[in-house]
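Chain by chain, the residues run as shown.
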Amino acid sequence: MSRSVLVTGGNRGIGLAIARAFADGGDKVAITYRSGEPPEELTALGVLGVKCDITDPEQVESAYKEVEASHGPVQVLVANAGITRDQLLLRMSEEDFEAVLQTNLTGTFRTVKRACRGMLRARSGRIVLISSVVGLSGAAGQANYAASKAGLVGFARSLARELGSRNITVNVITPGFVDTAMTQVVGEERKAEILRQVPLGRYAQPEEVADAVRFLASDQATYITGAVVPVDGGLGM
Ligand code: NAD
(Lines give C-alpha, C1' and ligand atoms only; values in the text may rest on other atoms or scores of the structure.)
Protein backbone atom coordinates (compact mmCIF):
# COMPACT_ATOMS: atom_id res chain seq x y z
CA MET A 1 0.00 0.00 0.00
CA SER A 2 1.35 3.41 -0.97
CA ARG A 3 1.53 5.78 2.01
CA SER A 4 1.92 9.53 2.31
CA VAL A 5 5.44 10.02 3.70
CA LEU A 6 7.01 13.34 4.70
CA VAL A 7 10.75 13.72 5.29
CA THR A 8 11.98 17.05 6.65
CA GLY A 9 15.37 18.18 5.39
CA GLY A 10 15.10 15.64 2.59
CA ASN A 11 17.15 17.44 -0.05
CA ARG A 12 20.55 16.08 0.97
CA GLY A 13 22.50 13.77 3.27
CA ILE A 14 20.55 11.38 5.46
CA GLY A 15 17.16 12.90 4.57
CA LEU A 16 17.82 12.44 0.85
CA ALA A 17 18.66 8.75 1.37
CA ILE A 18 15.49 8.29 3.46
CA ALA A 19 13.29 9.98 0.83
CA ARG A 20 14.86 7.91 -1.94
CA ALA A 21 14.30 4.67 0.01
CA PHE A 22 10.59 5.36 0.58
CA ALA A 23 10.09 6.48 -3.03
CA ASP A 24 11.84 3.32 -4.30
CA GLY A 25 9.45 1.33 -2.09
CA GLY A 26 6.44 2.84 -3.88
CA ASP A 27 5.29 5.39 -1.29
CA LYS A 28 4.08 8.92 -2.09
CA VAL A 29 6.96 10.97 -0.73
CA ALA A 30 7.27 14.67 0.03
CA ILE A 31 10.37 16.40 1.33
CA THR A 32 10.91 19.79 2.85
CA TYR A 33 14.10 21.72 2.20
CA ARG A 34 15.26 25.03 3.58
CA SER A 35 17.10 26.50 0.61
CA GLY A 36 18.09 25.87 -3.01
CA GLU A 37 16.08 23.47 -5.13
CA PRO A 38 14.99 19.86 -4.52
CA PRO A 39 17.45 17.41 -6.09
CA GLU A 40 16.60 16.33 -9.63
CA GLU A 41 16.95 12.64 -8.79
CA LEU A 42 14.03 12.98 -6.33
CA THR A 43 11.90 15.01 -8.72
CA ALA A 44 12.46 12.25 -11.29
CA LEU A 45 11.17 9.72 -8.74
CA GLY A 46 7.96 11.78 -8.33
CA VAL A 47 8.94 13.18 -4.92
CA LEU A 48 7.21 16.45 -4.04
CA GLY A 49 9.65 19.14 -2.84
CA VAL A 50 8.30 21.86 -0.56
CA LYS A 51 10.42 24.79 0.56
CA CYS A 52 9.96 25.17 4.31
CA ASP A 53 11.97 26.50 7.22
CA ILE A 54 10.78 24.51 10.25
CA THR A 55 11.58 27.42 12.58
CA ASP A 56 8.67 29.34 10.99
CA PRO A 57 5.18 28.14 12.06
CA GLU A 58 3.49 29.65 8.99
CA GLN A 59 5.84 27.89 6.59
CA VAL A 60 5.23 24.58 8.37
CA GLU A 61 1.45 25.03 8.12
CA SER A 62 1.56 25.90 4.42
CA ALA A 63 3.95 23.00 3.71
CA TYR A 64 1.50 20.55 5.28
CA LYS A 65 -1.37 22.05 3.29
CA GLU A 66 0.60 21.54 0.08
CA VAL A 67 1.53 17.96 0.97
CA GLU A 68 -2.03 17.08 2.02
CA ALA A 69 -3.49 18.55 -1.19
CA SER A 70 -1.15 16.43 -3.28
CA HIS A 71 -0.66 13.18 -1.27
CA GLY A 72 -3.32 13.23 1.45
CA PRO A 73 -2.65 13.39 5.20
CA VAL A 74 0.85 12.42 6.28
CA GLN A 75 0.91 8.79 7.47
CA VAL A 76 4.66 8.51 8.03
CA LEU A 77 6.68 11.47 9.31
CA VAL A 78 10.46 11.40 9.42
CA ALA A 79 11.68 14.45 11.37
CA ASN A 80 15.23 14.64 10.09
CA ALA A 81 16.03 18.36 9.67
CA GLY A 82 18.77 19.48 12.01
CA ILE A 83 21.76 21.78 12.40
CA THR A 84 24.95 22.08 14.43
CA ARG A 85 26.65 25.22 15.76
CA ASP A 86 29.63 23.83 17.60
CA GLN A 87 31.45 25.90 20.19
CA LEU A 88 33.06 25.35 23.57
CA LEU A 89 30.77 26.49 26.39
CA LEU A 90 32.34 29.83 27.25
CA ARG A 91 32.44 30.78 23.59
CA MET A 92 28.90 29.58 22.91
CA SER A 93 26.55 32.53 22.56
CA GLU A 94 22.90 32.42 23.58
CA GLU A 95 22.17 32.75 19.89
CA ASP A 96 24.23 29.62 19.07
CA PHE A 97 22.37 27.74 21.76
CA GLU A 98 18.91 29.00 20.82
CA ALA A 99 19.36 28.49 17.07
CA VAL A 100 20.13 24.79 17.53
CA LEU A 101 17.28 24.27 20.01
CA GLN A 102 14.86 26.19 17.79
CA THR A 103 15.60 24.01 14.76
CA ASN A 104 16.32 20.60 16.23
CA LEU A 105 13.83 20.54 19.09
CA THR A 106 11.14 23.21 18.66
CA GLY A 107 11.07 22.76 14.88
CA THR A 108 10.59 19.02 15.37
CA PHE A 109 7.85 19.61 17.97
CA ARG A 110 6.05 21.86 15.49
CA THR A 111 6.38 19.39 12.61
CA VAL A 112 5.27 16.40 14.69
CA LYS A 113 2.35 18.25 16.24
CA ARG A 114 0.97 19.18 12.82
CA ALA A 115 1.35 15.63 11.49
CA CYS A 116 -0.50 14.24 14.50
CA ARG A 117 -3.67 16.10 13.56
CA GLY A 118 -4.25 13.76 10.63
CA MET A 119 -2.76 10.71 12.36
CA LEU A 120 -5.11 11.05 15.34
CA ARG A 121 -8.05 11.34 13.00
CA ALA A 122 -6.89 8.23 11.11
CA ARG A 123 -6.04 6.45 14.39
CA SER A 124 -2.80 5.36 12.77
CA GLY A 125 0.64 6.79 12.10
CA ARG A 126 4.40 6.34 12.22
CA ILE A 127 6.79 8.96 13.48
CA VAL A 128 10.56 8.56 13.38
CA LEU A 129 12.84 11.24 14.83
CA ILE A 130 16.49 11.51 13.83
CA SER A 131 18.44 12.22 17.00
CA SER A 132 22.15 11.43 17.43
CA VAL A 133 24.49 9.29 19.50
CA VAL A 134 25.68 12.68 20.82
CA GLY A 135 22.26 13.13 22.48
CA LEU A 136 23.04 10.11 24.66
CA SER A 137 26.80 10.43 25.22
CA GLY A 138 27.33 14.19 24.91
CA ALA A 139 30.29 15.66 23.00
CA ALA A 140 32.75 18.42 23.91
CA GLY A 141 31.91 21.53 21.90
CA GLN A 142 28.37 20.34 21.15
CA ALA A 143 26.43 21.11 24.35
CA ASN A 144 23.67 22.82 22.36
CA TYR A 145 23.40 20.00 19.83
CA ALA A 146 23.53 17.29 22.53
CA ALA A 147 20.83 19.05 24.57
CA SER A 148 18.58 19.28 21.52
CA LYS A 149 19.11 15.66 20.52
CA ALA A 150 18.66 14.37 24.11
CA GLY A 151 15.48 16.45 24.22
CA LEU A 152 14.15 14.50 21.25
CA VAL A 153 14.41 11.27 23.23
CA GLY A 154 12.23 12.57 26.09
CA PHE A 155 9.89 14.15 23.58
CA ALA A 156 9.48 10.89 21.62
CA ARG A 157 9.04 8.71 24.69
CA SER A 158 6.36 11.04 26.06
CA LEU A 159 4.52 10.95 22.75
CA ALA A 160 4.86 7.16 22.53
CA ARG A 161 2.96 6.99 25.83
CA GLU A 162 0.45 9.65 24.80
CA LEU A 163 -0.32 8.34 21.31
CA GLY A 164 0.05 4.57 21.67
CA SER A 165 -3.66 4.01 22.26
CA ARG A 166 -4.31 5.64 18.88
CA ASN A 167 -1.96 3.26 17.07
CA ILE A 168 0.67 5.94 16.44
CA THR A 169 4.23 4.77 17.04
CA VAL A 170 7.02 7.21 17.86
CA ASN A 171 10.62 6.04 17.66
CA VAL A 172 14.05 7.61 17.62
CA ILE A 173 17.17 6.75 15.66
CA THR A 174 20.54 7.77 17.03
CA PRO A 175 23.04 7.73 14.18
CA GLY A 176 26.75 7.78 14.91
CA PHE A 177 29.02 9.41 12.34
CA VAL A 178 27.43 9.40 8.91
CA ASP A 179 29.16 10.35 5.68
CA THR A 180 27.36 13.65 4.89
CA ALA A 181 28.07 17.39 4.62
CA MET A 182 27.64 17.62 8.41
CA THR A 183 30.68 15.42 9.03
CA GLN A 184 32.78 16.61 6.09
CA VAL A 185 33.96 19.54 8.21
CA VAL A 186 35.83 17.09 10.48
CA GLY A 187 39.61 17.15 9.83
CA GLU A 188 41.54 13.98 8.91
CA GLU A 189 43.24 13.69 12.31
CA ARG A 190 39.96 14.00 14.22
CA LYS A 191 38.32 11.56 11.81
CA ALA A 192 41.00 8.94 12.51
CA GLU A 193 40.49 9.50 16.25
CA ILE A 194 36.71 9.03 15.87
CA LEU A 195 37.11 5.89 13.78
CA ARG A 196 39.32 4.31 16.45
CA GLN A 197 36.27 4.47 18.75
CA VAL A 198 33.83 2.98 16.24
CA PRO A 199 33.83 -0.85 16.48
CA LEU A 200 32.85 -1.15 12.81
CA GLY A 201 35.77 1.16 11.96
CA ARG A 202 34.03 3.41 9.42
CA TYR A 203 31.39 6.10 9.02
CA ALA A 204 27.85 4.99 8.16
CA GLN A 205 26.48 5.60 4.70
CA PRO A 206 23.20 7.61 4.75
CA GLU A 207 21.43 4.58 3.23
CA GLU A 208 22.21 2.56 6.37
CA VAL A 209 20.23 5.07 8.45
CA ALA A 210 17.44 5.01 5.84
CA ASP A 211 17.17 1.21 6.17
CA ALA A 212 16.46 1.52 9.92
CA VAL A 213 13.89 4.29 9.33
CA ARG A 214 12.06 2.20 6.76
CA PHE A 215 12.02 -0.75 9.13
CA LEU A 216 10.46 1.35 11.93
CA ALA A 217 7.80 2.58 9.48
CA SER A 218 7.10 -0.93 8.13
CA ASP A 219 4.65 -3.70 8.96
CA GLN A 220 7.55 -5.53 10.58
CA ALA A 221 7.66 -2.92 13.38
CA THR A 222 4.01 -2.66 14.46
CA TYR A 223 4.83 -3.37 18.15
CA ILE A 224 7.83 -1.06 18.47
CA THR A 225 7.29 2.35 20.04
CA GLY A 226 9.33 4.60 22.32
CA ALA A 227 12.47 2.82 21.14
CA VAL A 228 15.84 4.49 20.74
CA VAL A 229 17.57 2.63 17.93
CA PRO A 230 21.31 3.17 17.49
CA VAL A 231 22.71 3.14 13.96
CA ASP A 232 26.20 3.97 15.10
CA GLY A 233 28.56 1.10 14.27
CA GLY A 234 28.72 0.32 17.99
CA LEU A 235 30.04 3.78 18.97
CA GLY A 236 27.45 4.44 21.66
CA MET A 237 27.42 1.12 23.48
P1 NAD B 1 22.83 17.90 6.43
O2 NAD B 1 23.38 19.16 6.98
O3 NAD B 1 23.41 17.32 5.20
O4 NAD B 1 21.26 18.03 6.23
C5 NAD B 1 20.45 18.69 7.16
C6 NAD B 1 19.10 18.93 6.54
O7 NAD B 1 18.29 19.68 7.48
C8 NAD B 1 19.17 19.76 5.27
O9 NAD B 1 18.26 19.22 4.34
C10 NAD B 1 18.70 21.14 5.70
O11 NAD B 1 18.03 21.85 4.67
C12 NAD B 1 17.70 20.77 6.80
N13 NAD B 1 17.47 21.88 7.72
C14 NAD B 1 18.33 22.47 8.56
N15 NAD B 1 17.74 23.50 9.20
C16 NAD B 1 16.46 23.56 8.75
C17 NAD B 1 15.35 24.40 9.01
N18 NAD B 1 15.42 25.42 9.88
N19 NAD B 1 14.20 24.15 8.35
C20 NAD B 1 14.11 23.15 7.48
N21 NAD B 1 15.12 22.32 7.18
C22 NAD B 1 16.28 22.53 7.80
O23 NAD B 1 22.92 16.87 7.65
P24 NAD B 1 22.78 15.29 7.74
O25 NAD B 1 24.09 14.77 8.14
O26 NAD B 1 22.07 14.72 6.57
O27 NAD B 1 21.85 15.24 9.04
C28 NAD B 1 20.48 14.91 9.02
C29 NAD B 1 20.02 14.68 10.46
O30 NAD B 1 20.78 13.62 11.03
C31 NAD B 1 20.23 15.90 11.35
O32 NAD B 1 19.14 16.00 12.26
C33 NAD B 1 21.50 15.54 12.10
O34 NAD B 1 21.57 16.18 13.35
C35 NAD B 1 21.37 14.04 12.24
N36 NAD B 1 22.63 13.33 12.45
C37 NAD B 1 23.64 13.42 11.53
C38 NAD B 1 24.82 12.72 11.77
C39 NAD B 1 25.97 12.74 10.81
O40 NAD B 1 27.02 12.20 11.17
N41 NAD B 1 25.85 13.31 9.64
C42 NAD B 1 24.95 11.96 12.94
C43 NAD B 1 23.90 11.91 13.83
C44 NAD B 1 22.73 12.59 13.57
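Residues numbered from 1 in each chain as written. Predicted model: local features only at pLDDT ≥ 70, side-chain atom pairs only at ≥ 80, totals over all residues. Heavy atoms only, no water.

1. With respect to the overall build of the protein
Part 1 of the argument: Scanning the protein from N- to C-terminus turns up 9 helices and 7 strands.
Part 2 of the argument: Against the compact-globule benchmark of 18 Å for 237 residues, the protein has a radius of gyration of 17 Å, which places it among compact chains.
Part 3 of the argument: Counting only contacts in the protein whose residues sit at least 6 apart along the sequence, the fraction spanning at least 24 positions is 67%.
Part 4 of the argument: Surface accessibility of the protein: about 11,700 Å² in total, with carbon and sulfur atoms responsible for 51%.
Part 5 of the argument: Across the protein, the 25 positively charged side chains and the 26 negatively charged ones have centroids separated by 7 Å. (Helix = DSSP H or I, 4+ residues; strand = E, 2+ residues; numbered from the N terminus. Rg over C-alpha atoms; globule rule 2.2 N^0.38 Å. Contact = heavy atoms within 4.5 Å. Areas by Shrake-Rupley, 256 points an atom, 1.4 Å probe, with all protein chains shown as cover. Lys, Arg positive; Asp, Glu negative; His and termini not counted. Charge placed at Lys NZ, Arg CZ, Asp CG, Glu CD.)

2. Notes on the state of the cysteines
Think of a disulfide as a covalent bridge from one cysteine sulfur atom to another cysteine sulfur atom.
Part 1 of the argument: Scanning the model with the defined rule gives 0 disulfides in all.
Part 2 of the argument: Left without a disulfide partner, Cys52 is nearest to the cysteine sulfur of Cys116, which lies 16 Å away.
Part 3 of the argument: Under the relative-accessibility criterion, Cys52 is labelled buried at 4%.
Part 4 of the argument: Residue classification places Cys116 among the buried positions, given a relative accessible area of 8%. (Disulfide = S-S within 2.5 Å. Buried < 20%, exposed > 50% of the residue type's maximum accessible area, 1.4 Å probe, protein only.)

3. A word on the pattern of salt bridges
Part 1 of the argument: Tallied over the full model, the rule gives 11 salt bridges.
Part 2 of the argument: Arg20 is paired through a salt bridge with Glu41; the nearest N and O atoms lie 2.9 Å apart. Residue Arg20 is found in helix H1 (residues 13-24), and its partner Glu41 is found in helix H2 (residues 40-44); the two are separated by 21 residues along the sequence.
Part 3 of the argument: The exposure class assigned to Arg20 is partly exposed, which follows from its relative accessible area of 21%. (Salt bridge = Lys/Arg side-chain N within 4 Å of Asp/Glu carboxyl O.)

4. Considering the environment of Ala139
Part 1 of the argument: Tracing the chain through its elements places Ala139 in the loop between helix H5 (134-137) and helix H6 (143-163).
Part 2 of the argument: We classify Ala139 as partly exposed; its relative accessible area is 30%.
Part 3 of the argument: Remark: the alpha-carbon pair of Ala139 and Ile194, spanning 55 residues in sequence, is separated by 12 Å.

5. Brief notes about empty space enclosed by the protein
Part 1 of the argument: Inspection of every chain in the model, using the stated rule, returns 1 cavity of 30 Å³ or more.
Part 2 of the argument: Element by element, the count of residues in the lining of the largest cavity is highest for helix H3 (residues 57-71), at 3 residues.
Part 3 of the argument: Here the residues of the lining of the largest cavity sort into 6 nonpolar, 3 polar and no charged. (1 Å grid on protein atoms, 1.4 Å probe; cavity = no way out; pocket = protein on both sides within 12 Å on 5 of 7 lines; lining within 4 Å. Points joined across faces, edges and corners; volume = space filled by probe spheres on them. Nonpolar A, V, L, I, M, F, W, Y, C, P; charged D, E, K, R; others polar.)

6. Section: the packing of H3 against helix H4 (residues 94-122)
Part 1 of the argument: Running from N to C, H3 and H4 point in directions that differ by 35°, and their axes come no closer than 10 Å. Here H3 and H4 pass one another in a crossing that is right-handed. Counted together, Pro57, Val60, Glu61, Tyr64, Lys65 and Glu68 of H3 and Arg110, Thr111, Arg114, Ala115 and Arg117 of H4 form the full contact between these two elements.
Part 2 of the argument: Taken together, the residues of the contact of H3 with H4 sort by class into 4 nonpolar, 1 polar and 6 charged. (Axes fitted to C-alpha atoms, helices over the stretch in contact; angles between N-to-C directions. Left-handed = near helix turned anticlockwise from the far one by under 90°.)

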